[in-house]
Amino acid sequence: MSGNAREVALLTLSACDRQGAWSDLALKKNIRAAGLDSRDAALATRLCFGVLQNRMLLDFYIGKFSTVKPERMENKVLNALRVGAYQMAFLTRVPVSAAVNASVDLVKRHSKNPRSPGLVNGILRSMARNIDRLPTIPDANPADYLAVRYSHPVWLVRAFLEMLGPAEAEQLLALDNGEPPTVAQVNQLRGTLEEALTSLRAEGAEAEPHPWLPDCLTLTGGGDLEQRAAFREGRIYIQDAGAHLAVLAAEPKPGMAVLDACAAPGGKSFAAAMEMEDRGKLVSCDIHAHKKALIDAGAKRLGVTCLTSAVQDGKARRAEWEEAFDLVMADVPCSGLGIIRKKPDIRYKDPAPLAGLPAVQSAILENVSTYVKPGGVLLYCTCTLQKTENEDRVESFLSAHPEFALEGFVLPGPVGEVPEGMVTLWPQRHGTDGFFFAKLRKGPSNGALS
């Protein structure tokens, strides 16, 4: 692979389409393999994520300037067209001629069809001639219009319209295609917020105290945070405000016994360890051994000593854990529809398998609830916005387990008081990832085991 940002974007997009790869992981792998410097890596990332965020809109434009329908094109030819079209429509600093020529060169290298370069050249030059008057999206049907305009599948647009109404649904769709803020939790075990801030700024990072989340920073301007001294020395770790708020709602305290049942890569465990002042017992589990290694590496970097990791399926019973924990956190597998702005390709995954998720979520909740001591707390959370995976799971569990009850909590910032004990966080309302969590308290008496 040559050290070419556009080629890295093309190969990553192709891997997402043909192999079901996740864009963030495939992109990191291809950037490393190409040996891109920081500037080219940033361009490759912008091209890859920009195409994914606008893929349906780009295909609409390509289809208007092509005699061949996009769905009939060779995969790498179509993705080369998308990369070129994205640059022309969205990246005004890239000269149109450079965008066209680079896409033609990509197709020469990656298509065996001798006609492909001419096809790409013709389509992109036609688009370039009309760049100030691109085709209008039909707007007779609101769901169809929004689906193309913001490149979300129609089924998902309809779901958001039903939940939010037209104006707020469009706000959410637009935010899904924006660049989310990066939030860093300051590790008080390694130093103060001011010290972390000074270290980051000394290396040119754009960092400010988070406007309403204690001991957190907001980072902007990009760059590889893992290369910053503050990160390497364990002064900070990256965690969205939504996930951090879930831990604050659960109220871990020094000396507690805490179980994080679905922990990888460990963010909630680390947030709990900070609240516990690294005193007590914290068990962090994941079903995959390689993800257990991620948790261990994170804990070592942060200097967290109260944490023990384990490979454990959340659905499988551990008899020695029954009624052994003051707090059990269950961040269950979910459809991930609240983090589309960070993982743009989630929107294109086949929705059919999502139907099986509630059963998995309920099985985990059912099992790990037995690990909660009388008087203890069970925290259920997801990074999705689907009622079937959120409120419905909690209500179904409570109907079968009268020994548990929802408990209200108070959080900083725009969330505030949540007397009902469960809340959905929305990007357009709270500035966080889409996130859901519920706090359930187990009765202090000898309630029936789950």
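Overview of the overall build of the protein
- Along the protein, the regular secondary structure elements total 18 helices and 14 strands.
- Oriented by its inertia axes, the alpha-carbon framework of the protein measures out at about 75 × 50 × 35 Å.
- For the protein, buried positions account for 54% of its 450 residues.
- Partitioning the contacts of the protein with sequence separation of at least 6, the portion at a separation of at least 24 is 72%.
- Just so you have it, the protein exposes about 19600 Å², and 51% of that area is on carbon and sulfur atoms.

Notes on the side chain of R341
- Relative to the assigned elements, R341 resides in the loop between strand 8 (325–331) and helix 16 (357–368).
- Only 3.3 Å separates the side chain of R341 from the side chain of D433, close enough to count as a polar contact.
- Leave out the neighbours within four places in its chain, and R341 touches Q53, L175, D176, G178, P180, P181, D240, P427, G431, T432 and D433.

A few points about the packing of aromatic side chains
- Tallied over the full model, the rule gives nine aromatic pairs.
- Ring centres 5.6 Å apart and planes at 90° place the aromatic pair W321 and Y371 in the edge-to-face group. Taken together, the residues span a long stretch of sequence, with W321 in the loop between strand 7 (307–311) and strand 8 and Y371 in the loop between helix 16 and strand 9 (372–382) at a distance of 50 residues. A single burial state applies to W321 and to Y371, both of which are buried.
- Each residue in the set W321, F325 and Y371 is aromatic and connected to the rest through ring pairs, giving one cluster.
- Between R149 and the ring centre of Y150, over which it is positioned, the NZ or CZ distance is 4.6 Å.
- Directly above the aromatic system of W22 lies the positively charged group of K343, at a separation of 5.4 Å from the ring centroid.

Details of the packing of helix 3 (residues 38–53) against helix 5 (residues 75–90)
- Close contact between helix 3 and helix 5 brings their axes to 9 Å; oriented N to C, the two are set at 95°. By the angle between their axes, helix 3 is roughly perpendicular relative to helix 5. Residue-level contacts link R46, L47, G50 and V51 of helix 3 to R82, V83, Y86 and Q87 of helix 5.

Describing the sheet that holds strand 3 (residues 216–220)
- Spatial strand order, 2-3-1-4: four strands in an open sheet with antiparallel pairing. Single-partner strands in this sheet number two, and they are strand 2 (206–209) and strand 4 (236–238). Adjacent strand axes in the sheet meet at a mean angle of 35° when their direction is disregarded.
- The sheet contact formed by strand 1 (residues 182–186) and strand 3 spans four bridges and is antiparallel. When the bridges of strand 3 are listed, T182 appears paired with L219.
- Taken strand by strand, helix 11 (residues 193–202) contacts strand 1, strand 2, strand 3 and strand 4, and its axis lies near 165° from that of strand 2.

Topic: the environment of S396
- One can find S396 in helix 17 (residues 391–400).
- A residue is classified by how much of its surface remains accessible, and S396, at 37% relative accessible area, is partly exposed.
- Along the backbone, S396 and S362 are 34 residues apart, and their C-alpha atoms lie at a distance of 8.3 Å.

A closer look at the pattern of salt bridges
- With the rule as written, the count across this model stands at 24 salt bridges.
- One salt bridge in this structure joins E208 and R201, with 3.0 Å as the shortest N-O distance.
- With a relative accessible area of 46%, E208 lands in the partly exposed category.
- For R201, a relative accessible area of 41% translates into the label partly exposed.
- One salt bridge in this structure joins R318 and E320, with 2.7 Å as the shortest N-O distance.
- With a relative accessible area of 52%, E320 lands in the exposed category.
- Residues joined in a network through salt bridges with shared partners are E251, K253, E407, K439 and R441.

Describing the nonpolar core
- With 59 residues, the main nonpolar core has V304, F435 and F437 as its most contacted residues.
- Sorting elements by how many residues they give to this core places helix 13 (residues 241–250) first, with seven residues.
- Of all hydrophobic cores here, the second largest spans 45 residues; its members include A5, F49, V51 and A80.

Re the packing of helix 6 (residues 96–110) against helix 7 (residues 116–129)
- Viewed as axis vectors pointing N to C, helix 6 and helix 7 meet at an angle of 160°, and their least axial separation amounts to 8 Å. As judged from the angle between their axes, helix 6 and helix 7 are roughly antiparallel. The handedness of the crossing between helix 6 and helix 7 is right-handed. The residues of helix 7 that touch helix 6, namely those facing V96, A99, V100, N101, S103, V104, V107 and K108, are S116, P117, V120, N121, L124, R125 and A128.
- Looking at the contact of helix 6 with helix 7, its residues break down into nine nonpolar, four polar and two charged.

Looking at unusual backbone geometry
- In the segment running from A264 into P265, the intervening peptide bond is cis, with an omega of 5°.
- Mapping P265 onto the fold places it in the loop between strand 5 (257–260) and helix 14 (267–275).
- The phi torsion at E251 lies on the positive side, around 60°, for a residue other than glycine.
- Locating E251 in the fold gives a position in the loop between helix 13 and strand 5.
- By relative accessible area, E251 is classed as partly exposed at 37%.

Concerning the state of the cysteines
- What the rule picks out here adds up to zero disulfides.
- With no disulfide partner, C262 has as its closest neighbouring cysteine sulfur the one in C285, 8.4 Å distant.
- For C262, a relative accessible area of 17% puts it in the buried group.
- Free cysteine C334: the closest other cysteine sulfur is in C383, separated by 3.5 Å.

So, how was this worked out
- Residues numbered from 1 in each chain as written.
- Predicted model: local features only at pLDDT ≥ 70, side-chain atom pairs only at ≥ 80, totals over all residues.
- Heavy atoms only, no water.
- Helix = DSSP H or I, 4+ residues; strand = E, 2+ residues; numbered from the N terminus.
- Buried < 20%, exposed > 50% of the residue type's maximum accessible area, 1.4 Å probe, protein only.
- Contact = heavy atoms within 4.5 Å.
- Areas by Shrake-Rupley, 256 points an atom, 1.4 Å probe, with all protein chains shown as cover.
- Polar contact = N/O pair within 3.5 Å; in protein donor to acceptor, adjacent residues only side chain to side chain.
- Phe/Tyr/Trp six-rings, centres within 6.5 Å; stacked < 30°, edge-to-face > 60°.
- Lys NZ or Arg CZ within 6 Å of the ring centre and 35° of its normal.
- Axes fitted to C-alpha atoms, helices over the stretch in contact; angles between N-to-C directions.
- Parallel < 35°, antiparallel > 145°, perpendicular 65-115°, else oblique.
- Pairing = 2+ DSSP bridges.
- Salt bridge = Lys/Arg side-chain N within 4 Å of Asp/Glu carboxyl O.
- Core = buried A, V, L, I, M, F, W, Y, C linked by side-chain atoms within 4.5 Å.
- Left-handed = near helix turned anticlockwise from the far one by under 90°.
- Nonpolar A, V, L, I, M, F, W, Y, C, P; charged D, E, K, R; others polar.
- Disulfide = S-S within 2.5 Å.

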